[in-house]
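Results of the structural survey
Here is what each chain is made of, one letter per residue.
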Amino acid sequence: MHNETIGEHLVRCGVSRRRFLRFCLELAVVAPAGVAWADKTRGAEMARQIAGARRPSVIWLHMQDCTGCSETLLRTSAPDLAELILHLISLDYHETLMVGSGHQAEASLHQAMSENAGEYVLVVEGSIPRKDGGVYLKIAGENGIDLLERVAANAAAVISIGSCASWGGIPSAAHNPTDAVGVSSVVRDKAVVNIPGCPANPYILLATVLQYATAGTLPLLDDLGRPLFAYDRVLHDHCPRRAHFDKGEFAGAFGDEGHRKGWCLYHLGCKGPVTHAPCSTRHFNEVVDCWPIGIGAPCYGCTEKEIAFRVPMFDTVKPESFAPAASFAPIYHETKTVSPVAAGVAGAVIGGLAGAGLATARSLDKKDEEEES
Ligand code: SF4
């Protein structure tokens with residue numbers, strides 16, 4: 001069934017054209033700017049590209065993790081989980097979500113690997129323990145290092161989701177008792193896309209996988225292997241508390257007047273000024289303010305290799321720059337590939353487009369309801 005396109009699959013599942021267009025509009029709203037197919041000015045073309053793509057087979061391995069990245073995927077509501085999993089990708093192996101267990105689960109992994117050899121996308125969640133030959137993690141009698149090397153060998157693309165899979169994360173914090181490392185320390189013969197975050201934003205994963213499905217390419221990466229479309233600038237640049245930072249209005253303690261008024265959290269240890277992540281423009285689970293700074297907690301730099309779980313949470317960091325961004329680059333690169341400076345003013349631009357997209361999506365929803373009634 002993996003030869004059918006997403007469009008064919010949608011028709012087979014009885015998904016209406018209107019619902020699919022609504023889905024594309026919603027996806028355009030949440031998708032990062034700069035991805036080739038996510039040209040928000042050409043919704044129909046975007047829908048055509050997605051519909052014509054083959055559903056990529058995805059194998060998802062769990063290593064030393066808390067399943068938080070899977071959990072945030074489960075909390076995704078636009079597109080909701082059913083659409084995400086059942087329509088866009090073929091999630092052929094995921095220990096937490098699959099129905100089978102034990103030998104059945106291992107048979108599913110074997111089948112997915114053999115039927116899609118060289119074509120499946122491998123997503124890894126969690127760090128890999130190397131100490132004592134990797135004995136601290138075993139799945140079906142195989143240690144994590146061997147399992148990862150075996151599955152990665154025939155993968156078309158390898159994606160590390162979350163800070164643990166990207167470079168060790170919490171399990172690698174001092175004194176790293178299991179010698180936990182990220183995927184790229186084990187898989188050395190192919191490019192690994194790192195999507196750090198604790199948890200990672202699921203839309204970055206979805207956008208990366210869809211770019212692979214529609215264009216056969218992976219996004220441009222920064223020097224830490226992160227997609228530039230999402231990690232090209234510090235979240236401080238678009239933080240809703242930024243005006244207070246510029247004005248010198250800071251919370252001095254949790255619960256003080258400045259904290260209650262929503263002032264800048266820099267003196268409480270906020271790592272936003274050095275943390276490259278889209279959190280301030282793309283919140284989690286489609287809930288406004290559903291991110292640390294939105295609820296009054298300082299950013300702890302979970303997407304930065306040398307900060308998260310390395311620098312104490314309430315220690316301050318030196319900002320990369322005290323000045324607001326002086327200029328913004330075009331949102332779309334001429335070649336329609338990922339622009340390394342694309343997402344900057346995208347917050348404002350996407351905001352407008354998002355409003356239009358959501359309004360259109362909602363009006364389609366309303367029409368659907370009217371037609372059904
Ligand atoms: Fe926002 Fe933190 Fe920057 Fe303050 S220091 S503006 S809270 S990102």
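In this text the structure is predicted, and so the values were computed from the model without any measurement.

**A closer look at the site of the ligand**
Taken together, 13 residues sit near the ligand, with H236, C239, C264, L265 and C270 positioned nearest. For the shell around the ligand, the class distribution of residues is 9 nonpolar, 2 polar and 2 charged.

**So, the pattern of salt bridges**
Considering all chains together, one arrives at 10 salt bridges under this definition. Across the pair E142 and R150 runs a salt bridge, and its minimum N-O distance is 2.9 Å. For R150, a relative accessible area of 36% puts it in the partly exposed group. Put simply, R226 and D222 hold a salt bridge, and the shortest N to O gap is 2.7 Å. An identical accessibility class is assigned to R226 and D222; each is buried. The network of salt bridges with shared partners includes D222, R226 and E304.

**Some remarks on the confidence of the model for the protein**
In regions of low pLDDT, the predicted coordinates are not meant to be interpreted in detail. When pLDDT is averaged along the protein, the result is 82; 79% of the residues meet or exceed 70. In the predicted structure, residues 327–365 sits below a pLDDT of 50 and forms 64 contacts with residues beyond four places in sequence or in another chain.

**Focus: the sheet that holds strand 1 (residues 57–62)**
Taken in spatial order, the 5 strands make up an open sheet running 2-1-3-7-9, and their pairing is parallel. Of all the strands in the sheet, the pair left with one neighbour each is strand 2 (90–94) and strand 9 (192–195). Sheet twist, expressed as the mean angle between neighbouring strand axes with direction ignored, is 20°. Inspection of the sheet shows strand 3 (residues 121–125) paired to strand 7 (residues 157–161) by 5 bridges, in the parallel sense. Its bridge partner lying in strand 7, V124 is registered against S160.

Procedures and definitions
- Residues numbered from 1 in each chain as written.
- Predicted model: local features only at pLDDT ≥ 70, side-chain atom pairs only at ≥ 80, totals over all residues.
- Heavy atoms only, no water.
- Near = heavy atom within 4 Å.
- Nonpolar A, V, L, I, M, F, W, Y, C, P; charged D, E, K, R; others polar.
- Salt bridge = Lys/Arg side-chain N within 4 Å of Asp/Glu carboxyl O.
- Buried < 20%, exposed > 50% of the residue type's maximum accessible area, 1.4 Å probe, protein only.
- pLDDT = per-residue confidence, 0-100.
- Contact = heavy atoms within 4.5 Å.
- Pairing = 2+ DSSP bridges.
- Helix = DSSP H or I, 4+ residues; strand = E, 2+ residues; numbered from the N terminus.
- Axes fitted to C-alpha atoms, helices over the stretch in contact; angles between N-to-C directions.

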